[in-house]
Amino acid sequence: MSTVQGDKSEAILDAAYGIFGSKGFYETKMSDIADEAGIAKGTIYLYFKNKEQLFVAVSKRDCDNFISRLDYALNSHQSTGDKLGAIAKTHLTYYYERRNHTKMFFMAPNNDPDLMKFMKAFMNEYMSMVREVLENAGVPEPVLLAEAYIGILDRLKMDIMLNPEFNEEHLNKRIAFAAALFLDGCRSFLQV
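In this text the structure is predicted, and so the values were computed from the model without any measurement.

Turning our eyes to something else, we now look at the overall build of the chain. Regarding its fold elements, the chain presents nine helices and zero strands. Listing the helices and strands of the chain from first to last along the sequence gives α-α-α-α-α-α-α-α-α. On the principal axes, the C-alpha backbone points of the chain span a range of 65 × 35 × 30 Å. Out of the 192 residues belonging to the chain, those deemed buried represent 41%. In the chain, the proportion of contacts linking residues at least 24 apart, taken out of those at least 6 apart, comes to 70%. Carbon and sulfur atoms make up 52% of the accessible area of the chain, which amounts to about 10900 Å² in all. A gap of 3 Å separates the mean positions of the 22 positive and 26 negative side-chain charges of the chain.

Laid out in structure tokens, this is it:
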């Protein structure tokens, strides 16, 4: 693929990300993406056979970025507590940065088998990274604990995505809270 083609592909992905994020999958038209990318509508079909394939490509690029950021964050820390904090920060910051693109997550083609296959693989990779941190710490039931930690973070992301007044102070409070709650359990919050 030449540089020009590569640039067009990236322009399409960038435009699609923005429009899928603001309109959702079902309200997005390929012509809107083409206009935003500054190309002819037919050009999109040289790269992606349909809107579903384009949505999967946009999602894959975004999720690959998330995994790369998480990998870097985990490799930058030594202690389990710091790694748990890095997971919380990566997870919640990811959604904070995308809070104006909520329709990308809530209005997606959930019945698309390629998207479901990709999302399952992504979640398995993410889960594996969190599980490995916990296994290395020697905790019992690392799989269940990894699921629980990601579950806590997923619940906290909803505040980010649904509250228009959510700000960086709220973000930092939730990052610290999630890591402390998970690391210390409820004991540190109880008066016993």
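From this point, the discussion proceeds with the structure in view.
So, on to the packing of helix H8 (residues 142-162) against helix H9 (residues 168-184). For the pair H8 and H9, interaxial distance at closest approach is 11 Å and the crossing angle is 160 degrees. On the basis of their axis angle, the class for H8 and H9 is roughly antiparallel. Both H8 and H9 take part in a crossing whose hand is right-handed. On the side of H8, the interface is formed by Leu145, Ala148, Tyr149, Ile152, Leu153, Leu156, Asp159 and Ile160, while H9 contributes Leu171, Arg174, Ala178, Ala179, Leu181 and Phe182. Within the contact of H8 with H9, the residues separate by chemical class into twelve nonpolar, no polar and two charged.

Okay, the nonpolar core next. With 56 residues, the main nonpolar core has Phe20, Ile33, Ile44, Leu54, Ile87, Tyr126 and Tyr149 as its most contacted residues. Of all the secondary structure elements, the ones that give two or more residues to this core are helix H1 (3-23), helix H2 (30-37), helix H3 (41-47), helix H4 (51-75), helix H5 (80-97), helix H7 (113-136), H8 and H9. Beyond its immediate chain neighbours, meaning those up to four positions away, Tyr149 contacts Leu84, Gly85, Ile87, Ala88, Val130, Ala178, Ala179 and Phe182.

Conventions used here
- Residues numbered from 1 in each chain as written.
- Predicted model: local features only at pLDDT ≥ 70, side-chain atom pairs only at ≥ 80, totals over all residues.
- Heavy atoms only, no water.
- Helix = DSSP H or I, 4+ residues; strand = E, 2+ residues; numbered from the N terminus.
- Buried < 20%, exposed > 50% of the residue type's maximum accessible area, 1.4 Å probe, protein only.
- Contact = heavy atoms within 4.5 Å.
- Areas by Shrake-Rupley, 256 points an atom, 1.4 Å probe, with all protein chains shown as cover.
- Lys, Arg positive; Asp, Glu negative; His and termini not counted.
- Charge placed at Lys NZ, Arg CZ, Asp CG, Glu CD.
- Axes fitted to C-alpha atoms, helices over the stretch in contact; angles between N-to-C directions.
- Parallel < 35°, antiparallel > 145°, perpendicular 65-115°, else oblique.
- Left-handed = near helix turned anticlockwise from the far one by under 90°.
- Nonpolar A, V, L, I, M, F, W, Y, C, P; charged D, E, K, R; others polar.
- Core = buried A, V, L, I, M, F, W, Y, C linked by side-chain atoms within 4.5 Å.

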